[in-house]
Amino acid sequence: YALFFSSQSWLSSQPWARSDIAVLCLISPCFGLSPGKAMGMYDILKWVGPTTSRQVFARLVSVIRGPLTRLALDKPAWQREIQGSFWTMEYPSSAAYNAIGVFLTAELSMDAKKMRMPILVIRNPGDTAASASICERALKGAPDLKYIDVVDSVNTHNITGELMEPATVDRTCKWIIDWLEAALQRRGGS
């Protein structure tokens, strides 16, 4: 299998799944939030969730962020409307409990040194949503790891795609295809 989503990075590190995964391509992977998210309190919040009840966490996050998290408020209405056709644009701030749980599970249980498949990470080091340093820490020691840093995208997190970054789709596809061909050749496959 070839996996192309950051949520699959934890799966690819599991002994029972590793042998079935040939390559791993991560685009803007999020192993943890950037410092600016959650008012810079992600490093504290990630420990509050598992050490308190969901209700305590929800109340704390509501005080910090407000009861609702709204996305893309800085974008024109027409762009929010299009994006809203594909993304949830407003959700309870307490939903961060689940996302932070996923991030923390990946951070604590992944052993990148055991991930023998080639890994490609396409990301913007200045991503305002996903922390580049947490990603690097999570993947440190992976034996076949390549980063492609995108610094010219309009969006720092949604760095490619027909909706948010259509100008980057062709080059991103070329990077992935070139990397995939080389990775599979190194593995002796086609």
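Residues numbered from 1 in each chain as written. Predicted model: local features only at pLDDT ≥ 70, side-chain atom pairs only at ≥ 80, totals over all residues. Heavy atoms only, no water.

**Structural notes on the overall build of the protein chain**
And step 1. Looking only at helices and strands, the protein chain has eight helices and six strands in total.
And step 2. Going from N to C terminus, the protein chain has its helices and strands arranged as β-α-α-β-α-α-β-α-β-α-β-α-β-α.
And step 3. When the 190 residues of the protein chain are sorted by exposure, 37% land in the buried category.
And step 4. Restricting the contact set of the protein chain to residue pairs at least 6 apart, pairs at least 24 apart contribute 69%.
And step 5. Computed over 20 positive and 17 negative side-chain charges, the inter-centroid distance for the protein chain is 8 Å. (Helix = DSSP H or I, 4+ residues; strand = E, 2+ residues; numbered from the N terminus. Buried < 20%, exposed > 50% of the residue type's maximum accessible area, 1.4 Å probe, protein only. Contact = heavy atoms within 4.5 Å. Lys, Arg positive; Asp, Glu negative; His and termini not counted. Charge placed at Lys NZ, Arg CZ, Asp CG, Glu CD.)

**What about the pattern of salt bridges?**
And step 1. Applying the stated criterion to the full structure yields seven salt bridges.
And step 2. For K114, the salt bridge identified is with D111, shortest N-O distance 3.9 Å.
And step 3. The network of salt bridges with shared partners includes R123, E136 and D149. (Salt bridge = Lys/Arg side-chain N within 4 Å of Asp/Glu carboxyl O.)

**Points about empty space enclosed by the protein**
And step 1. All chains considered together, the criterion is met by one cavity of 30 Å³ or more.
And step 2. Within this model, the largest cavity holds a volume of roughly 60 Å³.
And step 3. What lines the largest cavity is S28, P29, R123, N124, D127, A130, S131, A132 and C135.
And step 4. Its residues assigned to classes, the lining of the largest cavity comprises four nonpolar, three polar and two charged. (1 Å grid on protein atoms, 1.4 Å probe; cavity = no way out; pocket = protein on both sides within 12 Å on 5 of 7 lines; lining within 4 Å. Points joined across faces, edges and corners; volume = space filled by probe spheres on them. Nonpolar A, V, L, I, M, F, W, Y, C, P; charged D, E, K, R; others polar.)

**Brief notes about a nonpolar patch on the surface**
And step 1. Taken together, the side chains of W78, I82, F86 and W87 make up a nonpolar region of the molecular surface, amounting to roughly 480 Å² of accessible area.
And step 2. Mapped onto the fold, W78 is located in helix α5 (residues 77-84). (Patch = residues over 30% accessible without salt bridge, like charges linked within 9 Å, V, L, I, M, F, W, Y side chains within 5 Å. Areas by Shrake-Rupley, 256 points an atom, 1.4 Å probe, with all protein chains shown as cover.)

**Comments concerning helix α4 (residues 54-65)**
And step 1. Taking 1.5 Å per residue as the helical rise, α4 with its twelve residues ought to reach 16 Å, and the 16 Å between its terminal C-alpha atoms agrees with that figure.
And step 2. By the burial criterion, the buried members of α4 are F57, V61 and I64. Taken end-on, α4 shows its buried residues confined to a sector of 60°, consistent with a single buried face. Residues Q55, R59 and V63 are exposed on α4 and point more than 90 degrees away from its buried face.
And step 3. Turning to α4, the residues buried within the fold contact α3 (42-51) and α6 (96-109).
And step 4. Residue G66 follows α4 closely and has a positive phi angle near 95°. (Expected span 1.5 Å × (residues − 1). Arc of directions from axis to C-beta.)

**Focus on the packing of α3 against α6**
And step 1. Packing of α3 against α6 brings their axes to within 9 Å, and their N-to-C directions diverge by 95°. Taken as axis vectors, α3 and α6 run roughly perpendicular relative to one another. Of α6, the residues touching α3 (which contributes Y42, L45, K46, W47, G49 and P50) are Y97, I100, F103, L104, E107 and L108.
And step 2. Per-class residue counts for the contact of α3 with α6 are nine nonpolar, one polar and two charged. (Axes fitted to C-alpha atoms, helices over the stretch in contact; angles between N-to-C directions. Parallel < 35°, antiparallel > 145°, perpendicular 65-115°, else oblique.)

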